Amino acid sequence: MVHFTSIRKTRHYILHHERNFPWSKVVEIIMTTKNIRKKGSVLEIETSDHYILCKLENKILWVINAKYKT
């Protein structure tokens, strides 16, 4: 189980992914997905259609990458 107090955007997400993958969809997926893979401070969330990469730092979940699977 992963515990965090807030979800925030990294500069990388804002510059490279926000235009194609809306923030509301990112938050929805993070809050509803139960299959989160944790590798140290990096988290991978994968559904059949989406991939989200985050890092957990000081109880803040930073979204690095979010994209649709092709």
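Refer to the structure above for everything that follows.
Rules behind the numbers
- Residues numbered from 1 in each chain as written.
- Predicted model: local features only at pLDDT ≥ 70, side-chain atom pairs only at ≥ 80, totals over all residues.
- Heavy atoms only, no water.
- Helix = DSSP H or I, 4+ residues; strand = E, 2+ residues; numbered from the N terminus.
- Buried < 20%, exposed > 50% of the residue type's maximum accessible area, 1.4 Å probe, protein only.
- Polar contact = N/O pair within 3.5 Å; in protein donor to acceptor, adjacent residues only side chain to side chain.
- Contact = heavy atoms within 4.5 Å.
- Salt bridge = Lys/Arg side-chain N within 4 Å of Asp/Glu carboxyl O.

Asks: It is not clear to me how the side chain of threonine 33 should be interpreted in this structure. Could you clarify?
Replies: Topologically, threonine 33 is positioned in the loop between α2 (23-32) and β2 (36-39). What makes threonine 33 buried here is its relative accessible area of 15%. From its side chain, threonine 33 meets the backbone oxygen of isoleucine 29 in a polar contact 2.6 Å long. Sequence-distant contacts of threonine 33, that is, excluding residues within four places in its chain, are made with Ile45 and Thr47.

Asks: Before we go on, may I ask you to explain the side chain of threonine 10 in this structure?
Replies: Relative to the elements of secondary structure, threonine 10 occurs in the loop between β1 (6-9) and α1 (11-16). For threonine 10, a relative accessible area of 11% corresponds to the buried category. A distance of 3.2 Å separates a polar atom in the side chain of threonine 10 from the backbone nitrogen of tyrosine 13. A distance of 2.7 Å separates a polar atom in the side chain of threonine 10 from the backbone oxygen of valine 63. Residues within four places of threonine 10 in sequence aside, it is in contact with Trp62, Val63 and Ile64.

Asks: Explain the pattern of salt bridges to me, please; I cannot follow it from the model alone.
Replies: Here the idea is simple: oppositely charged side chains can pair when their charged atoms come close. All told, the structure shown has six salt bridges when counted by the stated rule. In this structure, lysine 9 and glutamate 18 form a salt bridge, with 2.5 Å as the shortest nitrogen-oxygen distance. The closest approach of N and O atoms between glutamate 44 and lysine 39, which form a salt bridge, is 3.4 Å. Taking relative accessible area as the criterion, glutamate 44 reaches 15% and is therefore assigned buried. With a relative accessible area of 53%, lysine 39 lands in the exposed category. Linked by salt bridges that have partners in common, Arg37, Lys39, Glu44, Glu46 and Lys69 make up one network.

These figures come from the coordinates and say nothing about function on their own.
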